[in-house]
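What follows is the residue order along each chain.
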Amino acid sequence: MIFAIEEINNSTELLPGTNLGYQIYDSCVAVPVSVHVAFQLLNGKDPVFNKGGNCSQSGVVAVVGDSGSTPSISISRIFRSFNIPLVSPFATCACLSDKQQHPTFFRTIPSDQFQADGLAKLVKHFGWIWIGAVRSDSDYGNHGMASFLDAARREGICVEYSEAFYRTDPPSKIKKVADVVRRSTAVVVVAFASSGDMKFLLEELARDPPPPRQWIGSEGWIGDPYLLSFSFCAGAIGVAIQQSITPGLRDFLLDLSPSDVAASSVLTEFWEDAFDCSLTKSASVCLL
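Each chain carries its own residue numbering, running from 1 in the written order of its sequence. Under the rules for a predicted model, residues below a pLDDT of 70 receive no local features and side-chain atom pairs below 80 are neither given nor counted, while totals for whole chains, interfaces and linings still include all residues. Computation of side-chain values: all heavy atoms of the structure, hydrogens and water removed.

(A) Summary view of the overall build of the chain. A run of H or I in DSSP counts as a helix once it spans at least four residues, and a run of E counts as a strand once it spans at least two, with each numbered from the N terminus. Summing up its helical and strand segments, the chain has eleven helices and eight strands in all. Overall, the C-alpha framework of the chain stretches about 65 × 55 × 35 Å when taken along its three principal axes. In the chain, of all internal contacts separated by at least 6 residues, the share reaching a separation of at least 24 is 59%. Carbon and sulfur atoms make up 56% of the accessible area of the chain, which amounts to about 16,200 Å² in all. Should any heavy atoms of two residues lie within 4.5 Å, those residues are considered in contact. The Shrake-Rupley method, run with a 1.4 Å probe, gives the accessible areas here. Residue values count only the displayed protein chains as cover.

This is the structure:
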């Protein structure tokens, strides 16, 4: 985010004559936090993350986020009352395409309707007409699976079961869903879920691995290396977001000094995760 804004501000072609100031918040992919942040942005009383003296306009004119569908739905309903655009890079729920409900919502990623149709055609392509289905019990999972089931029925695909679960469910609920997968006669399982939710289901399945299953995944988890490391997920296929290289981003990250990173909680979190280290304040350490 910081890199993108600096690229815009330093460009003579992108928004010429306009200098963007910004505030960055971590919503923790939680609706209460996202809503709290939305009101903070609107009331203008929170400290500004970065605001240069050359900013063209004070106040919030647009918001980039959230990455999750459910938080985006909540804050979109807040921002629409103030006619503030909300642009999400990762919220894919088809429900967000409803301009009656979300007139100021935009995104740079396709709706899950396209993904659902693609998954149904993928299943039909391999001749799998008897399948099971599991999903995140969230707007992303529920709406995505509903779209997939509609598409599957049009393709003549029969569904033995459709189970929902969420990462905060009690272990007994996760185990119940895992047992359905273990006992089912369908050898193909379509999972429309986030990686955070699939982690709990797959870890439960690992306690007593099911018979061989062909996993079909949505983009929310199919590219996660940890989830694909489970032996019973070998051969999993699905829909993924195409990877790309952002020119200049690597140099931007490598040029950051420890002092630059330590000044920002956002950058500190990234730095510690990327380099497997811990940045702590110490009188004996000189930050360059």
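Here the narrative resumes, following the displayed structure.
(B) View of a nonpolar patch on the surface. Each patch is built from salt-bridge-free residues with over 30% relative accessible area, joining like charges within 9 Å and nonpolar side chains (Val, Leu, Ile, Met, Phe, Trp, Tyr) within 5 Å. Basic side-chain nitrogens of Lys or Arg form a salt bridge, by our definition, when they fall within 4 Å of a carboxyl oxygen of Asp or Glu. A surface patch of nonpolar side chains, about 290 Å² in accessible area, is lined by Leu254, Phe270 and Phe275. Each residue's exposure class comes from its accessible area (1.4 Å probe, protein chains only) as a fraction of the maximum for that residue type: buried when under 20%, exposed when over 50%, partly exposed otherwise. With relative accessibility at 45%, the residue Phe275 sits in the partly exposed group.

(C) Layout of the layout of surface pockets. A volume near 500 Å³ is recorded for the second largest pocket. A pocket, in this scheme, is an open set of points on a 1 Å grid over the protein atoms alone with protein on both sides within 12 Å along at least 5 of 7 lines, while a cavity is a set where a 1.4 Å probe fits but cannot get out; residues line either one if an atom lies within 4 Å of a point. Val29, Gly68, Ser69, Arg167 and Ser194 are the residues nearest the centre of the second largest pocket, which is lined by 22 residues in total. Secondary-structure elements contributing two or more residues to the lining of the second largest pocket are helix H3 (69–79), helix H5 (139–154) and helix H7 (195–207). When the residues that make up the lining of the second largest pocket are grouped by side-chain class, the tally is seven nonpolar, eleven polar and four charged. Grid points are joined across faces, edges and corners, and a volume is the space filled by probe spheres set on the points. Residue polarity is assigned by list, with Asp, Glu, Lys and Arg as charged and Ala, Val, Leu, Ile, Met, Phe, Trp, Tyr, Cys and Pro as nonpolar; anything else, Gly included, falls into the polar class.

(D) Summary view of the sheet that holds strand E3 (residues 105–107). At least two DSSP bridges between two strands are needed for those strands to be called paired. Pairing within the open sheet is parallel, and its three strands lie in the order E1-E2-E3. Only two strands of the sheet have a single neighbouring strand rather than two, namely strand E1 (63–64) and E3. Where E1 and strand E2 (residues 86–88) come together, two bridges link them in parallel fashion. For Val63, the partnering residue across the bridge sits in E2 and is Leu86.

(E) Region of the structure containing the state of the cysteines. Throughout, disulfides are identified as pairs of cysteine sulfur atoms within 2.5 Å of each other. Scanning the entire structure with this criterion turns up one disulfide. Two residues, Cys93 and Cys95, share a disulfide whose sulfurs are 2.4 Å apart. Taking the torsion about the sulfur-sulfur bond, which here is approximately 125 degrees, the covalent link between Cys93 and Cys95 counts as right-handed.

(F) Region of interest: the sheet that holds strand E4 (residues 130–136). The strand order E5-E4-E6-E7-E8 describes an open sheet built from five strands, whose pairing is parallel. Looking at which strands have only one partner, the edges of the open sheet turn out to be strand E5 (158–165) and strand E8 (237–238). Across two bridges, strand E7 (residues 214–217) lies against E8 in parallel orientation. The partner of Ile216 across the bridge, within E8, is Ile237. Note on geometry: axes are C-alpha line fits, over the in-contact stretch for helices, and angles between N-to-C directions span 0 to 180 degrees. Here helix H6 (residues 171–183) sits on the sheet in contact with E4, E5, strand E6 (188–192) and E7, set at roughly 165 degrees to E5.

(G) Examining the pairing of E4 more closely. Most of E4 sits out of view: six of its seven residues are buried. Relative to E5, E4 runs parallel, the two being bridged by seven bridges. Residue pairing across strands places Gly132 opposite Tyr161, the latter belonging to E5. Throughout, right-handed denotes a crossover for which the path from the first strand over the helix to the second runs clockwise when the strands point away from the viewer. With H5 bridging E4 and the parallel E5, this β-α-β connection has right-handed handedness. With five bridges joining them, E4 and E6 adopt parallel strand pairing. Looking across to E6, one finds that Ala133 is bridged to Val190.

(H) Quick peek at the environment of Gln113. Along the polypeptide, Gln113 turns up in helix H4 (residues 112–125). Separated by 16 residues in the primary sequence, Gln113 and Ile129 place their C-alpha atoms 20 Å from one another. Setting aside anything within four residues of it in sequence, one finds Gln113 in contact with Ala94 and Ser147.

(I) Fine view of a negative patch on the surface. Charge counting follows a simple rule: Lys and Arg are positive, Asp and Glu are negative, and His as well as the terminal groups are ignored. A charged residue contributes its charge at one atom only: NZ of Lys, CZ of Arg, CG of Asp or CD of Glu. On the surface, Asp26, Glu269, Asp273 and Asp276 cluster together into a patch of negative charge. Among the structural elements, Asp26 can be located in the loop between helix H1 (2–10) and helix H2 (31–43). For Asp26, a relative accessible area of 45% translates into the label partly exposed.

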